[in-house]
Structure formats: structure tokens, C-alpha cells
Amino acid sequence: MSQPYDRIFNFSAGPCTLPVEVLEEARDGLMNWNGAGMSVMEMSHRGKAYMGIHQATEAALRELAGISDDYLVLFLQGGASMQNTLVPMNFLADGQVGDYVVSGAWGKKSLEAATLMGRGNKVWDGKATNYDTTPNLHELNYTAGAGYIHITSNETIQGVEFFEDPSLPAPVVCDMSSDILSRPFDVSKYAYIYAGAQKNMGPAGVTVAICRKDMLDRVPSGMQPMLDLKLQAENESMYNTPPCWSIYMCGLVYKWMLANGGLAGAQRRNTEKAGVIYEAIDGSGGFYKGHAAAHCRSIMNVTFTLPSDELTDLFVKEAAKEKMDGLKGHRSVGGCRASIYNAFPLEGCKVLADFMRDFAARNG
Ligand code: PMP
């Protein structure tokens, strides 16, 4: 069945597929949004129209994720990568360290940024098995007096995911870039959540942070203004010009999600989608091998290898002819990766699974 507008199935790890309905709504407002006589891209961020969009976007996210008044929502810039620097800078007292659980490539980068400041302490590292598993977070040895414990809920490259919202001995800071809003989560278990928007929420350019208010009491004085999360919060994410268009697009996605069963609906769809592909892996008699251990298989990034690099290349090439793009895995894992974020359709997963079975039958 052909896709609307002859679109292809985009399995890219990010930026990624957005809902067609959202793209259509954005298109319809491109010349004259809601009678404003211009697009959202062109509006003053201090004007009434954009301020309304900004507030509605935050309200929709709060409703979707059940975010209480104990938390602030921030729309920041610099990507999730900038957060790796901001988190230790803003939240650690003199001499204090942050504990880092390194379950994949992104957690490693977070640790590296904190280590550059002499503030990073590694409590677990999955490197020995090429990050194919996650630890039991309740069994690790954390530093007494650590400022926070940093985890990456979903490792986008390796496809390993934590499915619980942990209660740990220090405030939990979580990089949720690649699984935020993919299922219900308990915000109250976290002190600070951050996520680049470009996988599950909208286009690149905005990083969403959900910050427990008391965390801002930690921000040292004399911070550089743009790096000061307290200042960003006091200015309601408008200390400088925010990425208005990206925030607007996130708002459309939140609205779309609310109309489609909220986070419970997302979880149902995402679990089914991932299941279709994992079934093709497990049923292949060993032709495909899943990278992640069964208990932590990501429902966002399905990683698997084929018997050889030649077959992997052929697989990716043939899949592209069938309108499936972005399947090549990261070189550190090899093989393939199917990224199937919130807006990715179930049909695409079925098409891929059928293709996988056919490919294995022809090449096994
Ligand atoms: N963390 C995770 C889990 C990611 O997947 C990514 C991007 N792939 C990043 C951080 C970095 O995000 P950004 O490009 O927004 O800096």
C-alpha cells in the first residue's frame, strides 16, 4: 500500500518521521497562521500569537506526561549534547561528583563532559559486552553524597532501554532523548529529565527539560547567562529568542498524541511495532541476531546483525528499493537498526518484517 504523498518508511535514528497530520497542519499554517498574516516562523517571540503557542505547548506536554507544579518545563537549545555540560555545571556543589551509568554511547558522552570538569564518576559501564545489556540500577554502588545519578533511559545506538522509573539514593537525572513520551513514565521519580526533540517530539532545534524546582536552588552564582538554568527558568525559556518553530511543531505533536490515546496509546502502539520486528529476528533461525539482551530490548531502536557485512549492505540496498530508508546500523554495533519512534507507522514495521523474512529465505 502506498503511503500518503508517496512518503517512504523512514527508519532514521533522528531526525525522524513526524505524523502526517502534524505536517499537514504545519503546512496549512505556513502562509498565514490562524489569521496572524504570517507563519509561526516569522512571528515575534514576544508577540501575543507566539506567546499563546508557547504556553499551549507547555500545557499540552504537562497534560500528556502528567507533570505536576513541582516541576518546570524548559525549552532550551544546544541539543541534548549541551545538557551534558549544563547538568554538572548547574547541579553539582563544589567538590561534589555526579554518578554516571554508562549503558551505551550517549551515556558515555554524558560522562565524558562531566569528567572534563573533574565531576564525572562512572558507576557502571557496559563496554565489555559492547553495550548489549543494562544493569539492575538498584544493585550498583553509588557514591555517598553524589550530586545526582545520571542514566540514559534509551541508548539509541545500541538499542538498550530501561523500562522502569527508578528510585535511587541520589536525585536521578535522565537523558530521555530517544524514548521520551513513548510510554507512560513517572516524572516524580526524576529530578531532571532532558531530551532533544528530534526523535519523539518534533524537529531538531529544541531540547525539552523537565526540572524539579528545588534543583534550581543548586545553581551556583556567577554562571554564564546562557548556561544558567535558573536564569532560563526565570525567563520562561525566553532569555533569548527561543526556537519558535520547533516548539510550535512539538506542540502539534503533543496535541496529536493527546488525541491518540496519550502515553498509554503510544506504549500500546510502540510495543506492538517493536514486537513485529523482534518476531522476525527471533523467528529467523539465527540469520538475524538481536544486539540487545531480551530484558532490555528497546521499543524505539531495534538493533540486529546479519551473517556478514556483504549481506548487511545488500539488505540495506534492497530495502531502500522497497522504500525503507535509514536502516544501516551504527558502525560500533554493525548490522542494522530500525528506529521506530512514536510517529512511525505500524505498517512500516510489518513491511520491514515481511522483507526480513523474504531476504533471509533468499540469502540464508
Ligand atoms: N542522547 C541520546 C540518547 C541521543 O540519542 C542523542 C542523539 N542521537 C543525543 C543524546 C544527542 O542529541 P543532540 O543531537 O540533540 O545533541
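Refer to the preceding data block for the structure.
Fair warning: this is a prediction, and the values are worked out from it, not measured in the lab.

1. Section: a nonpolar patch on the surface
Inference 1: Judged by side-chain polarity, L30, M31 and M41 come together as a nonpolar surface patch covering roughly 340 Å² of accessible area.
Inference 2: For L30, the location among the structural elements is in the loop between α1 (20-28) and α2 (48-65).

2. Regarding helix α9 (residues 346-363)
Inference 1: Counted at 1.5 Å a residue, the expected span for α9 with its 18 residues is 26 Å, and the 26 Å between its end C-alpha atoms agrees.
Inference 2: Taken together, the buried residues of α9 touch β1 (9-10), α7 (262-282), β12 (301-305), α8 (309-321), β13 (324-325) and β14 (336-339).

3. What to know about the environment of N240
Inference 1: Here N240 lies in the loop between α5 (229-234) and α6 (244-259).
Inference 2: Between the alpha carbons of N240 and H45 there is a distance of 9.4 Å; along the sequence they are 195 residues apart.
Inference 3: Once residues within four sequence positions are removed from consideration, N240 is found in contact with H45, Q77 and M226.

4. A word on the pattern of salt bridges
Pairs can form between side chains of opposite charge whenever their charged atoms are close.
Inference 1: One pass over the full model with this rule turns up 15 salt bridges.
Inference 2: A salt bridge links D28 to R27, with the shortest nitrogen-to-oxygen separation between them at 3.1 Å.
Inference 3: Assessed through its relative accessible area of 56%, D28 is described here as exposed.
Inference 4: The residue R62 makes a salt bridge to E58 at a minimum N-O spacing of 3.0 Å. Within this pair, R62 and its partner E58 are both found in helix α2, separated by 4 residues, close to a single helical turn.
Inference 5: Under the relative-accessibility criterion, R62 is labelled buried at 18%.

Rules used throughout
Sequence positions are assigned chain by chain, starting from 1 and proceeding in written order. Residue-level local features of this predicted model are given only where pLDDT is at least 70; pairs of side-chain atoms are given and counted only at 80 or more, and the full residue set underlies all totals for whole chains, interfaces and linings. Excluding hydrogens and water, the side-chain values take into account all heavy atoms of the structure. Put simply, a patch holds well-exposed residues, over 30% relative accessible area, that have no salt bridge, with like charges counted together within 9 Å and Val, Leu, Ile, Met, Phe, Trp or Tyr side chains within 5 Å. Only the protein chains shown count as cover for residues, and all accessible areas are computed by the Shrake-Rupley method using a 1.4 Å probe. Basic side-chain nitrogens of Lys or Arg form a salt bridge, by our definition, when they fall within 4 Å of a carboxyl oxygen of Asp or Glu. Per the convention used, a helix needs a DSSP run of H or I reaching at least four residues, while a strand needs a run of E reaching at least two, with both numbered from the N terminus. A helix's residues, less one, multiplied by 1.5 Å, set its expected span. Contacts between residues were defined by any pair of non-hydrogen atoms, one from each residue, lying within 4.5 Å. Remark: exposure states derive from per-residue accessible area (1.4 Å probe, protein chains only) relative to the maximum for the residue type, with buried under 20%, exposed over 50%, and partly exposed in between.

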